[in-house]
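Here are the chains, one letter per residue:
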Amino acid sequence: MVATGRNSAWVAIDGQNATVVADMRRTRGPRTMPVPGDRVTITTHEAGRVVIDAIEPRSFTLERESLDGRKKIMAANVDLLVAVVALADPSPRLVTLDQLLAFAHMHDLPAMVVFTKPDLADAVEQARLVALYTGIGYATLICDPKHNIGIDAFAAKLLGRHALMAGMSGVGKSSLFLRLGGDGPVGEVSRFGMGRQTTSAARLARLGDGFLIDSPGINEFGLGRIDPEALSQGFVEFDGLLGSCRFTDCSHTVEPNCAIREALDQGRIAPSRYESYRRILSGDAEVETELESDEG
Ligand SMILES: Nc1nc2c(ncn2[C@@H]2O[C@H](COP(=O)(O)OP(=O)(O)OP(=O)(O)O)[C@@H](O)[C@H]2O)c(=O)[nH]1
Ligand SMILES: [Mg+2]
Ligand SMILES: [Zn+2]
């Protein structure tokens, strides 16, 4: 499944390059719409009409809760989250990156980091950021899709993976997607008409055995109201320290003898990562992310 519309979906058929538009089979009762990443079985009818008969069971689903509390599945069968962050224009917002990485870790979804727009950023700052995220165990790359730099290294990381890219608007996700062989116009509707091409529907490109999904926006990765116990599970470098605080219900903010803050003081946890933890906990990060995507 590469992209979905209102009552139809674009399907990539095994062994074929092109994608076809398929309709959902009519059924009684509520029907489940496919999402990017779904594997489906289809039948080709007379006059080339393609109908989706069934959606295969999903291994992983990425769910988002809408404002009215209903769950919406954004993507399926993903086994890698690629957090894309620009080094400049827009300037790197580490709290948004850390929120994405926390989301992935809490869902046991492996994640990697791609920094874009190195041509617009300070070299020392780039090296510092790469060292920070490599240091806590994330595969981290610098790619410039505009000038076609670092794309092969990224492609190598994606081999055989079912990956989903996420990151703030304008960081270069679609540019990376196109460089890797993604199909531009499939299901593409620009929210702003001519000019800026903000992706408004998820799209999928097949890369050998794997795939890459270009997702719109990042609101679906919001953590909402989250308690310290759940959130601290999202920070990989906290893993070995949880349980070592004096209080079992330590929030790692004000309590004495907190193993996390001791590690921070000793330089074993990066200040920006701890700052992200505090801001996500306070709900501050969420607001910033929402504002950012409204500006779109
Ligand atoms: N200088 C420079 N520009 C880049 C780079 N990567 C992307 N861009 C530019 O950044 C702009 C936004 O890129 P997109 O690929 O549309 O960003 P996106 O993440 O898909 O944005 P949304 O679909 O809104 O979420 C485009 O004008 C790109 O040409 C880079 O490495 N260097
Ligand atoms: Mg895009
Ligand atoms: Zn603590």
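Residues numbered from 1 in each chain as written. Chains lettered and ligands numbered in written order. Predicted model: local features only at pLDDT ≥ 70, side-chain atom pairs only at ≥ 80, totals over all residues.

## Focus: the overall build of the chain
1) Next: Per the secondary structure count, the chain includes eight helices and 13 strands.
2) Next: When burial is assessed residue by residue, the chain has 36% of its 296 residues classed as buried.
3) Next: In the chain, the share of contacts with a sequence separation of at least 24, taken over all contacts with a separation of at least 6, comes to 62%. (Helix = DSSP H or I, 4+ residues; strand = E, 2+ residues; numbered from the N terminus. Buried ≥ 20, exposed ≤ 12 C-beta atoms within 10 Å, placed from the backbone. Contact = placed C-beta atoms within 7 Å.)

## Details of unusual backbone geometry
1) Next: The peptide bond linking Asp-89 to Pro-90 adopts the cis configuration, its omega dihedral lying at 0 degrees.
2) Next: Looking at where Pro-90 falls in the secondary structure, it is placed in the loop between strand 8 (80-86) and helix 1 (94-106).
3) Next: In this structure, Asn-77 is a non-glycine residue whose phi angle is positive, near 60 degrees.
4) Next: Positive phi outside glycine occurs at Asp-89, with the angle close to 50 degrees.

## Focus on the sheet that holds strand 13 (residues 210-214)
1) Next: Taken in spatial order, the six strands make up an open sheet running 10-9-8-11-13-12, and their pairing is mixed. The two strands at the open ends of the sheet, each matched to only one other strand, are strand 10 (139-143) and strand 12 (203-207). Along the sheet, successive strands turn relative to each other by an average axial angle of 25 degrees, direction set aside.
2) Next: Relative to strand 13, strand 12 runs antiparallel, the two sharing five bridges. (Pairing = 2+ DSSP bridges. Axes fitted to C-alpha atoms, helices over the stretch in contact; angles between N-to-C directions.)

## Side note on the confidence of the model for the chain
Any segment with low pLDDT has predicted coordinates that should not be analysed in fine detail.
1) Next: Residues at a pLDDT of 70 or more form 82% of the chain, whose mean pLDDT is 84.
2) Next: Within the model, the stretch residues 185-196 combines pLDDT values under 50 with 18 contacts to residues more than four positions away or in other chains.
3) Next: Predicted confidence for residues 290-296 stays below pLDDT 50, and this span has nine contacts to residues more than four positions away or in other chains. (pLDDT = per-residue confidence, 0-100.)

## Let's talk about the environment of Gly-240
1) Next: Here Gly-240 lies in the loop between helix 5 (228-232) and helix 6 (259-265).
2) Next: By C-beta crowding, Gly-240 is classed as exposed, having 10 other C-beta atoms within 10 Å.
3) Next: Separated by 19 residues in the primary sequence, Gly-240 and Ala-259 place their C-alpha atoms 9.9 Å from one another.

## Focus on the environment of Leu-281
1) Next: Mapping Leu-281 onto the fold places it in helix 7 (residues 271-282).
2) Next: For Leu-281, a count of 20 C-beta atoms within 10 Å puts it in the buried group.
3) Next: Sequence separation between Leu-281 and Gly-224 is 57 residues, and the spatial gap between their C-alpha atoms is 9.0 Å.
4) Next: In this view, Leu-281 contacts Ile-226, Pro-228 and Leu-231; residues no more than four positions away in its chain are not counted.

## Describing the packing of helix 1 against helix 7
1) Next: In contact at an axis separation of 9 Å, helix 1 and helix 7 are set at 75 degrees when each is read in the N-to-C sense. It follows from the interaxial angle that helix 1 and helix 7 lie roughly perpendicular. Here Leu-94, Val-95, Asp-98, Gln-99 and Ala-102 of helix 1 lie close against helix 7, whose contacting residues are Ser-272, Arg-273, Ser-276, Arg-279 and Ile-280.
2) Next: A class-by-class count of the residues in the contact of helix 1 with helix 7 yields four nonpolar, three polar and three charged. (Parallel < 35°, antiparallel > 145°, perpendicular 65-115°, else oblique. Nonpolar A, V, L, I, M, F, W, Y, C, P; charged D, E, K, R; others polar.)

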